[in-house]
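Descriptive analysis of the structure
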Amino acid sequence: MSMELDVPQQPHAGAMDWLLEVARGARLIVGGGLCAGALAVGLSYLVTPTFTSTTVLLPPAQASGGAQAALASLGALANLAGGGAARAPLDQYVALAMSTRVADRMIERFKLHEVYDETLRLDVRKQFWKNLRVGAGRRDGLITIEVDDHDPKRAADMAAGMVDEFRRVAAEIAVTEAQQRRVFFEDRVRETEQKLEAAQKALQDSGVSANSLKAEPRVAVEAYAKLRAELTNAQVRLQGLLATFAAQAPEVVQQRALVGELAGQLRQLESQAPKTEDGAYLSRYREFKYQEALFEQFSRQLELARIDEGREGGLVQVVDVAQVPEKKSRPGRAKIGIGVSVATGLFLLLWVMLRFQLRSRDVDGSIRAKLKAIWPAVWGRA
């Protein structure tokens, strides 16, 4: 005769059982969440409030197309002058405002070493960037600068200072297309002016003879100046291609061959020039006319670039001036209280459900006994 032990079986917990268990723990869940939220709100009063000052900027407009059309007369020179470059995007202005140069000037201007109580400049920069936010609106094209500080007055001063330093740095490095063209042509005009003065002095020292006047120097110079201008244009074009393509690229090889051909023609033309005193005069005269033509062309392009730069309105314009904030931006006590209460309530709800699951499976109490033995076993008391 065999005897079978009847082990009591716990029925499977249904949805109503879970709902009942949650209802039993509702006081713990709600009360614990509210208490935790109230405690978090109370502790938030110990945190120093943070104030945020905001300023909005309007970046420069696109340069006019009149100067772009005028650049066409330069051929490949327009590429180096920035004629083919697109307007600096908003992301470039945001990166400029967040640059190390702007940060260092703000650190020195507002003595942020003392404000942030940091010794190393690297740590001061990190803290400054942590309190700075620069964003660009894709639809309206505006740049927003926000500065956080514990002092509302200093927050407004720093936001206004960001505008000043941003303008200075942007003007120094020539961000816009018109600024790039202006810088390029300033260098070309300065260089060509020096060469023109040297050519003029050499021409004056050569003197003018009767035979030179009979030779019609304007006619003799015309072919040479045209060929030399074509060679200069081809050389600049080759430099632009080398900056983009490899040396073995078909475009580069073809352009290099053109430069060699023009250079050969120019050497042939120079070799045919007479070696007499009159020939020396003509050589100096055509050099003078060539530098004079380049100087006039570069000067005209420089004036157009300056006009476009002035039309851009001083790089940036302030739409909303930084104001001293009247209310703190952080900490948000309502958000803290609600967030902590919800998080604590969810944690307690999870705890109630896990506890009910454990009780449902632990019919004979063995699981609870093992759990109680874990702690003494850790300390070697078992």
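This text follows the structure it describes.
Note that the structure is predicted; figures quoted are calculated from it, not measured.

**Quick word on the overall build of the protein chain**
- Secondary structure assignment for the protein chain yields 16 helices and 4 strands.
- Within the protein chain, buried positions represent 35% of all 382 residues.
- The long-range share in the protein chain, meaning contacts at least 24 apart out of those at least 6 apart in sequence, stands at 82%.
- Only carbon and sulfur atoms are counted for the fraction: they give 58% of the accessible area of the protein chain, which is about 23500 Å².

**Considering the sheet that holds strand β4 (residues 317–320)**
- Taken in spatial order, the 4 strands of this open sheet run β2-β3-β1-β4, and their pairing is antiparallel. What marks the edges here is a single partner per strand, and that holds for β2 (132–136) and β4. For this sheet the average axis-to-axis angle between neighbouring strands, irrespective of direction, equals 25°.
- Pairing analysis gives 7 bridges linking strand β1 (residues 51–58) to strand β3 (residues 143–149), with the strands arranged antiparallel. Residue pairing in the sheet places Thr54 in a bridge with Glu146 of β3.
- Lying over the sheet, helix α9 (residues 152–173) contacts β1, β2, β3 and β4, oriented at roughly 25° with respect to β1.

**Here we look at helix α15 (residues 333–361)**
- The terminal C-alpha atoms of α15, which comprises 29 residues, lie 42 Å apart, in line with the 42 Å expected from a rise of 1.5 Å per residue.
- Among the residues making up α15, those that are buried are Gly337, Ser341, Gly345, Leu348, Val352, Phe356 and Ser360.
- Packing partners of the buried residues in α15 comprise α1 (15–24) and α2 (26–44).

**Some remarks on helix α6 (residues 100–110)**
- The complete set of buried residues in α6 reads Val102, Ala103, Asp104, Arg105, Met106, Ile107 and Phe110.
- Each element contacted by the buried residues of α6 is listed here: α5 (90–97), α7 (112–116), α8 (121–130) and α9.

**Things to note about the pattern of salt bridges**
- According to the stated counting rule, one finds 16 salt bridges in the structure shown.
- A salt bridge links Asp91 to Arg138; the nearest nitrogen and oxygen atoms lie 2.4 Å apart. On the criterion of sequence distance, the pair formed by Asp91 in helix α5 and Arg138 in the loop between β2 and β3 is long-range, its members being 47 residues apart.
- Classification of Asp91 by relative accessible area gives partly exposed; the value is 43%.
- The salt bridge involving Asp187 is made with Arg190; its shortest N-O contact spans 3.1 Å.

**A word on the packing of aromatic side chains**
- Under the criterion given, the structure shown has 1 aromatic pair.
- A centroid spacing of 6.3 Å and a plane angle of 70° characterise the contact between Tyr93 and Phe166, whose relative ring orientation is edge-to-face. In this pair, Tyr93 sits in helix α5 while Phe166 sits in helix α9, placing the two residues 73 residues apart along the sequence.
- By relative accessible area, Tyr93 is classed as buried at 1%.

**A few points about the packing of α2 against α15**
- At a closest axis distance of 7 Å, the pairing of α2 and α15 adopts a crossing angle of 150°. The hand of the α2/α15 crossing is right-handed. Residues Leu28, Ile29, Gly32, Gly33, Leu34, Ala36, Gly37, Ala40, Val41 and Ser44 of α2 lie in contact with α15, whose contacting residues are Arg333, Ile336, Gly337, Val340, Ser341, Thr344, Gly345, Leu348, Leu349, Trp351 and Val352.
- Here the residues of the contact of α2 with α15 are counted per class, giving 12 nonpolar, 8 polar and 1 charged.

**As for the side chain of Thr55**
- Summarising the element assignment, Thr55 is placed in strand β1.
- With relative accessibility at 1%, the residue Thr55 sits in the buried group.
- Separated by 2.7 Å, the side chain of Thr55 and the backbone oxygen of Asp320 make a polar contact.
- The contacts of Thr55, once residues within four sequence positions are left out, are Ile143, Thr144, Ile145, Ala159, Val163, Val318, Asp320, Val321 and Ala322.

**Quick notes on the packing of α1 against α15**
- Where α1 contacts α15, the two axes come as close as 10 Å, and the packing angle between them is 130°. Classified by the angle between their axes, α1 and α15 sit oblique to one another. Between α1 and α15 lies a crossing of right-handed hand. Facing Asp17, Trp18, Glu21 and Val22 of α1, the residues of α15 in contact are Leu349, Val352, Met353, Arg355, Phe356, Gln357 and Arg359.
- In terms of residue class, the contact of α1 with α15 is built from 6 nonpolar, 1 polar and 4 charged.

Thresholds applied
Residues numbered from 1 in each chain as written. Predicted model: local features only at pLDDT ≥ 70, side-chain atom pairs only at ≥ 80, totals over all residues. Heavy atoms only, no water. Helix = DSSP H or I, 4+ residues; strand = E, 2+ residues; numbered from the N terminus. Buried < 20%, exposed > 50% of the residue type's maximum accessible area, 1.4 Å probe, protein only. Contact = heavy atoms within 4.5 Å. Areas by Shrake-Rupley, 256 points an atom, 1.4 Å probe, with all protein chains shown as cover. Pairing = 2+ DSSP bridges. Axes fitted to C-alpha atoms, helices over the stretch in contact; angles between N-to-C directions. Expected span 1.5 Å × (residues − 1). Salt bridge = Lys/Arg side-chain N within 4 Å of Asp/Glu carboxyl O. Phe/Tyr/Trp six-rings, centres within 6.5 Å; stacked < 30°, edge-to-face > 60°. Left-handed = near helix turned anticlockwise from the far one by under 90°. Nonpolar A, V, L, I, M, F, W, Y, C, P; charged D, E, K, R; others polar. Polar contact = N/O pair within 3.5 Å; in protein donor to acceptor, adjacent residues only side chain to side chain. Parallel < 35°, antiparallel > 145°, perpendicular 65-115°, else oblique.

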